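# Summary of the model geometry
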Amino acid sequence: MPNLLLLEDDLSLIDGLTYSLNQNGFTVDAARTVAQARERLDGPARYDLLLLDVTLPDGSGFAVCEAVRRRDAGIPILFLTASDEEVSIIRGLDAGGDDYLTKPFRLGELCSRIRALLRRSGRAAAAPGSLASGPVRIDLAASRVFLHGMPLEVTGMEYRLLCLFLQNAGLTLPRQRIMDVLWDGSGDFVDDNTLSVYIRRLREKIEPDPSRPVYLVTVRGFGYQWRRDAP
């Protein structure tokens, strides 16, 4: 899996991003200060991409970026910051950053930008061989779905939905986030009603009783969750 260095001083954001990025196929090493980031960059770990906050207790992510660029011109660097002022964006790009994402941001967009930067840099790692949870297993290399060990016919959108849910098993995914991820780069329009139709069709194919789902459950007022501990 691609190994990311996250430079961020907000502990709650570190915890949330680390968990979510792990679920999306990335490993994350976190640093809360510029000094910690420099120690990790000087250590034996090899990073495939850097996620840098701008304002840190002991300095700036810009300085870390400039130091990295003096010895590694190829590693992708993505700035995560609360500042969307043009001068900050220009400063980050001039320092050697490849992209810039302003907080708050959607996780789907962050993961898409990370993957795009990894592809362009040639550092993209091979995807994991499979995803599995409950009765469902997904062979990612062959893009095939199995239910209780038997092949399951699904549409392209249903396949992408299943991948998203199994990658985030145990997490509640808001409807808007699901639609954002499905829309990203696909060219297919997904609105709220369309998503409800896909959810219903998936349940009809996977759930023992689609009217009482135990795997793909609704979290009222929030969205949907794939239950890892379903009976």
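In what follows, the accompanying structure is described. This is a predicted model, so every value here is computed, not measured.

## Overview of the sheet that holds strand β3 (residues 49–53)
Strand order in the open sheet made by the five strands is β2-β1-β3-β6-β7, with parallel pairing throughout. The outermost strands of the open sheet, each flanked by one partner alone, are β2 (27–31) and β7 (99–102). Averaged over all neighbouring strand pairs, the angle between strand axes comes to 20°, with direction disregarded. In terms of strand pairing, β3 meets strand β6 (residues 77–81) through four bridges, oriented parallel. Across the sheet, residue L51 finds its bridge partner in β6, namely L78. Relative to β7, helix α5 (residues 107–121) is tilted by about 175°, and along the sheet it contacts β1 (3–7), β3, β6 and β7.

## What about the pairing of strand β9 (residues 136–139)?
Two faces make up the sheet, and in a regular strand the side chains alternate between them. Here β9 shows a buried face lined by V136 and I138 and an unburied face lined by R137 and D139. As paired elements, strand β8 (residues 130–133) and β9 share four bridges and run antiparallel to each other. Paired with S133 across the strands is V136, a residue of β9. Counting the residues between successive antiparallel strands, the hairpin from β8 to β9 contains two residues, one of them, G134, with a positive phi of roughly 60°. Across four bridges, the pairing between β9 and strand β10 (residues 144–147) is antiparallel. Counterpart to R137 in the pairing with β10 is F146. Taken together, β9 and the strand that follows it, β10, pair antiparallel across an intervening segment of four residues, in which S143 is found at a positive phi of about 55°.

Definitions and limits used
Residue positions are given per chain, counted from 1 along the sequence in the order it is written. Only residues with pLDDT of at least 70 get local features here, since the model is predicted, and only at 80 or more are side-chain atom pairs given and counted; chain-wide, interface and lining totals rely on the full set of residues. Derived side-chain values reflect all non-hydrogen atoms in the structure, with water molecules and hydrogen atoms excluded from consideration. Here, a strand pair is defined by DSSP locating no fewer than two bridges between the strands. The helix and strand labels rest on DSSP assignments: H or I over at least four residues marks a helix, E over at least two residues marks a strand, and numbering proceeds from the N terminus. Whenever a helix is involved, its axis is fitted only over the stretch in contact; in every case the axis is a line through C-alpha atoms, and angles between N-to-C directions fall within 0 to 180 degrees. Contacts were defined at the residue level, with two residues in contact if any of their heavy atoms lie within 4.5 Å. Partly exposed describes any residue whose relative accessible area lies between the buried limit of under 20% and the exposed limit of over 50%, with all areas from a 1.4 Å probe on protein chains only and scaled to the type maximum.

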